[in-house]
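# Understanding the architecture of this molecule
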Amino acid sequence: MVEEGLENTDAVKKKEEKLLTKEEIEQGYRLACQTFLKGDVKVSWEESTKGGNAGAGQVKPKAEA
């Protein structure tokens, strides 16, 4: 959720409109994987099972050859 600086984000994408409700978008919710920033923002998040990926484990960096 973008707490501050929503004006510093790009336009809502079709994928976001598909996965988020109109109310969630109006409240400032965005998909981090779809949102580009043009300035400072303040965000918050909570763990959720929406989308089924919450708590999916840690991402480990690839080993260098």
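Residues numbered from 1 in each chain as written. Predicted model: local features only at pLDDT ≥ 70, side-chain atom pairs only at ≥ 80, totals over all residues. Heavy atoms only, no water.

## What to know about the overall build of the protein chain
In terms of helices and strands, the protein chain carries two helices and two strands. Burial statistics for the protein chain: of 65 residues in total, 20% are counted as buried. Put simply, of all contacts in the protein chain between residues at least 6 apart along the chain, 62% involve residues at least 24 apart. (Helix = DSSP H or I, 4+ residues; strand = E, 2+ residues; numbered from the N terminus. Buried < 20%, exposed > 50% of the residue type's maximum accessible area, 1.4 Å probe, protein only. Contact = heavy atoms within 4.5 Å.)

## A closer look at the environment of Val41
Tracing the sequence through the fold places Val41 in the loop between α2 (22–27) and β2 (42–43). For the pair Val41 and Gly5, spaced 36 residues apart in the sequence, the C-alpha separation amounts to 4.4 Å. If we skip the residues at most four places from it in the chain, Val41 touches Val2, Glu4, Gly5, Asn8 and Thr9.

## Topic: the environment of Lys14
For Lys14, the location among the structural elements is in helix α1 (residues 14–19). Judged by relative accessible area, which is 71%, Lys14 ranks as exposed. Separated by 20 residues in sequence, Lys14 and Gln34 place their C-alpha atoms 9.7 Å apart.

## Section: the confidence of the model for the protein chain
Summarising the model, the protein chain shows a mean pLDDT of 82, and 72% of its residues fall at 70 or more. α1 holds the highest mean pLDDT among the elements of the protein chain, 96, whereas β2 holds the lowest, 94. Counted against residues more than four places away or in other chains, residues 54–59, with its pLDDT under 50, gives two contacts. (pLDDT = per-residue confidence, 0-100.)

## Observations regarding the pattern of salt bridges
Pairs may arise between side chains of opposite charge once their charged atoms sit close together. Overall, the coordinates contain four salt bridges when judged by the stated rule. Asp10 serves as the salt-bridge partner of Arg30, at 3.3 Å between the closest nitrogen and oxygen. Here Arg30 is found in the loop between α2 and β2, whereas its partner Asp10 is found in the loop between β1 (2–4) and α1, with 20 residues between them in sequence. Taking the relative accessible area as the measure of exposure, Arg30 reaches 13% and is therefore buried. Note that Arg30 is salt-bridged to Glu16, the shortest N-O span being 2.7 Å. Here Arg30 is found in the loop between α2 and β2, whereas its partner Glu16 is found in helix α1, with 14 residues between them in sequence. What makes Glu16 buried here is its relative accessible area of 0%. When salt bridges that share partners are traced, they join Asp10, Lys13, Glu16 and Arg30 into one network. (Salt bridge = Lys/Arg side-chain N within 4 Å of Asp/Glu carboxyl O.)

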